[in-house]
Amino acid sequence: HIEVSQRRPMLRLRIDGYDTYVTESGFVFRSPAASALYVPVITGGYEPPFPSKYEGYVRDYTDSQIRESLERIAKIEREKNPLYRIEDSLRKQRKVVREEYRDSVKRKWFEDNDHYKSRVKRLRGVRNKRLRRIDGELRYNDRRIDAVTARVDAEFRRQKKLEKRYEDFLKLINFVDWLEEESFWGAEIVQIVAETMPSGALELELVPRSGRFTILFGRIESVEEKFDKLMHFYKDGLNNMGWDSYSTINVKYDGQVVCSK
């Protein structure tokens, strides 16, 4: 007995290098060349959390990437061990130099004052030269430790960026799911332009079926409130002023709709 269940795509990513279907559960697969499905299309400069040729659950991909990153971090951290030993050795050398100087400058009972001052001056010069060498090696070793730490921090930043991109990916799925549940908006919105901003935030621009304007939606948050504002503007604004009065309608901001011609 064979049981077969067909995956149901929810949206299609058609962005730079990508032509991928996405299911409600976050499974992605390449768009077949010989067929096309009627689902919402995402365009724009959006950066998905998976490579263009990947097929499978996106959560599995991000988890595998984070595991590999943690393994790299553990490997990088081990590079610090010999550097810590060098630091410990140098600090011990520094302590020895100071102790040797302290012992050597003790005044001998038969030593006259001029000879003593001359000897202390010479020993102090030797001590300072040795300490400068050790301090220089310590600073160089500290820079090496800092470089390793910077590589670890870079790995953590990559993990954080990947998790943020995965969260945005889920928000995009939930946004399309919400549209599909709303009969009016599901029919009204014909294209979604998604952009990953320089800050890393995901913002949307919507192309409606009515009028010749675009809707600047902004981040995927307060979705119902933004569409409620837009609906009121449709009814009380565009119906009176005309559907071709504006080129953009901005609903990003709380309690207001900002339009431009």
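Reference entry: report on the structure contained in this document. Every value quoted in this text rests on a predicted model; they were computed, and no experiment measured them.

Now for the sheet that holds strand E7 (residues 202–208). Consider a sheet: its strands pair through backbone hydrogen bonds, and that pairing is either parallel or antiparallel. With mixed pairing, ten strands are arranged side by side in an open sheet as E5-E3-E2-E1-E4-E6-E7-E8-E9-E10. Two strands close off the open sheet at either side, each with one partner strand: strand E5 (56–57) and strand E10 (258–260). In this structure, strand E1 (residues 9–13) lies alongside strand E2 (residues 20–23), joined through four bridges in antiparallel fashion. Within E2, the residue paired with Leu13 across the bridge is Thr20. Packed on one face of the sheet, helix H3 (residues 113–181) meets E1, E2, strand E3 (27–30), strand E4 (41–43), strand E6 (189–196), E7 and strand E8 (214–219) and runs near 120° to E1.

In this section: unusual backbone geometry. The backbone of Ser222 shows a phi angle near 50°, a positive value even though the residue is not glycine. On the secondary structure map, Ser222 appears in the loop between E8 and helix H5 (223–241). Given a relative accessible area of 41%, Ser222 falls into the partly exposed group.

A separate point is the packing of aromatic side chains. Scanning all chains against the criterion turns up 14 aromatic pairs. Arranged with centres 5.8 Å apart and planes meeting at 75°, the rings of Phe50 and Phe169 form a pair that is edge-to-face. Of this pair, Phe50 sits in the loop between E4 and E5 while Phe169 is found in helix H3, placing the two residues 119 residues apart along the sequence. The burial state of Phe50 is the same as that of Phe169; both residues are buried. Aromatic ring contacts, followed pair by pair, group Tyr18, Phe50, Tyr54, Tyr61, Tyr166 and Phe169 into a single cluster.

As a rule of thumb, soluble globular proteins bury nonpolar side chains together. In this structure, Phe50, Phe169, Phe175, Ile192, Leu204, Leu206 and Phe227 are the most contacted members of the largest nonpolar core, which totals 40 residues. Elements supplying a minimum of two residues to this core: E1, helix H1 (58–78), H3, E6, E7, E8 and H5. Per-element tally for this core: the top contributor is H3, with eight residues. Phe50 has contacts with Leu13, Tyr18, Thr20, Val28, Val58, Tyr61 and Phe169, leaving out every residue within four places of it along the chain. Ile76, Leu83, Ile145 and Val148 belong to the second-largest nonpolar core, a separate cluster that totals six residues.

This brings us to the pairing of E8. Working note: regular strand, side chains alternate between the two faces of the sheet. Relative to E8, E7 runs antiparallel, the two being bridged by four bridges. Across the sheet, the residue bridging to Glu203 is Arg219, located in E8. Hairpin connection between E7 and E8: a loop of five residues separates the two successive antiparallel strands, and Gly211 in this loop has a positive phi of roughly 70°.

Here the focus is the pairing of E3. Relative to E3, E2 runs antiparallel, the two sharing three bridges. Considered in E3, the bridge of Thr20 is made with Arg30. Inspection of the sheet shows E3 paired to E5 by two bridges, in the antiparallel sense. Across the sheet, Phe27 pairs through a bridge with Tyr57, a residue of E5.

Next up on the list: the packing of helix H2 (residues 80–104) against H3. Between H2 and H3, the least distance of the axes is 10 Å, while the angle of their chain directions is 165°. Between H2 and H3, the crossing angle belongs to the class labelled roughly antiparallel. Here the hand of the crossing between H2 and H3 comes out left-handed. The class makeup of the residues in the contact of H2 with H3 is 13 nonpolar, four polar and 15 charged.

The next subject is a negative patch on the surface. On the surface, a cluster of negative charge is contributed by Glu24, Glu180, Glu181, Glu182, Glu221, Glu224, Glu225, Asp228 and Asp254. Top element by residues in the negative patch is H5. It accounts for three residues. Among the structural elements, Asp228 can be located in helix H5. Asp228 gets classed as partly exposed once you look at its relative accessible area, which sits at 47%.

Moving on, we come to the pattern of salt bridges. A complete count under the given rule lists 16 salt bridges for this structure. A salt bridge links Arg151 to Glu79, with the shortest nitrogen-to-oxygen separation between them at 2.8 Å. Of the two residues, Arg151 sits in helix H3 while Glu79 sits in the loop between H1 and H2, which places them 72 residues apart along the sequence. Glu79 gets classed as partly exposed once you look at its relative accessible area, which sits at 32%. For Arg94, the salt bridge is made with Asp135, and the minimal N-O distance between the two is 2.6 Å. You can see Arg94 sitting in helix H2 and its partner Asp135 sitting in helix H3, a full 41 residues away along the chain. Using a relative accessible area of 23% as the deciding quantity, one classes Arg94 as partly exposed. Among the ionic contacts, a cluster of salt bridges with common partners joins Arg12, Arg14 and Asp19.

Cut-offs applied
Residues numbered from 1 in each chain as written. Predicted model: local features only at pLDDT ≥ 70, side-chain atom pairs only at ≥ 80, totals over all residues. Heavy atoms only, no water. Pairing = 2+ DSSP bridges. Helix = DSSP H or I, 4+ residues; strand = E, 2+ residues; numbered from the N terminus. Contact = heavy atoms within 4.5 Å. Axes fitted to C-alpha atoms, helices over the stretch in contact; angles between N-to-C directions. Buried < 20%, exposed > 50% of the residue type's maximum accessible area, 1.4 Å probe, protein only. Phe/Tyr/Trp six-rings, centres within 6.5 Å; stacked < 30°, edge-to-face > 60°. Core = buried A, V, L, I, M, F, W, Y, C linked by side-chain atoms within 4.5 Å. Parallel < 35°, antiparallel > 145°, perpendicular 65-115°, else oblique. Left-handed = near helix turned anticlockwise from the far one by under 90°. Nonpolar A, V, L, I, M, F, W, Y, C, P; charged D, E, K, R; others polar. Patch = residues over 30% accessible without salt bridge, like charges linked within 9 Å, V, L, I, M, F, W, Y side chains within 5 Å. Areas by Shrake-Rupley, 256 points an atom, 1.4 Å probe, with all protein chains shown as cover. Salt bridge = Lys/Arg side-chain N within 4 Å of Asp/Glu carboxyl O. Lys, Arg positive; Asp, Glu negative; His and termini not counted. Charge placed at Lys NZ, Arg CZ, Asp CG, Glu CD.

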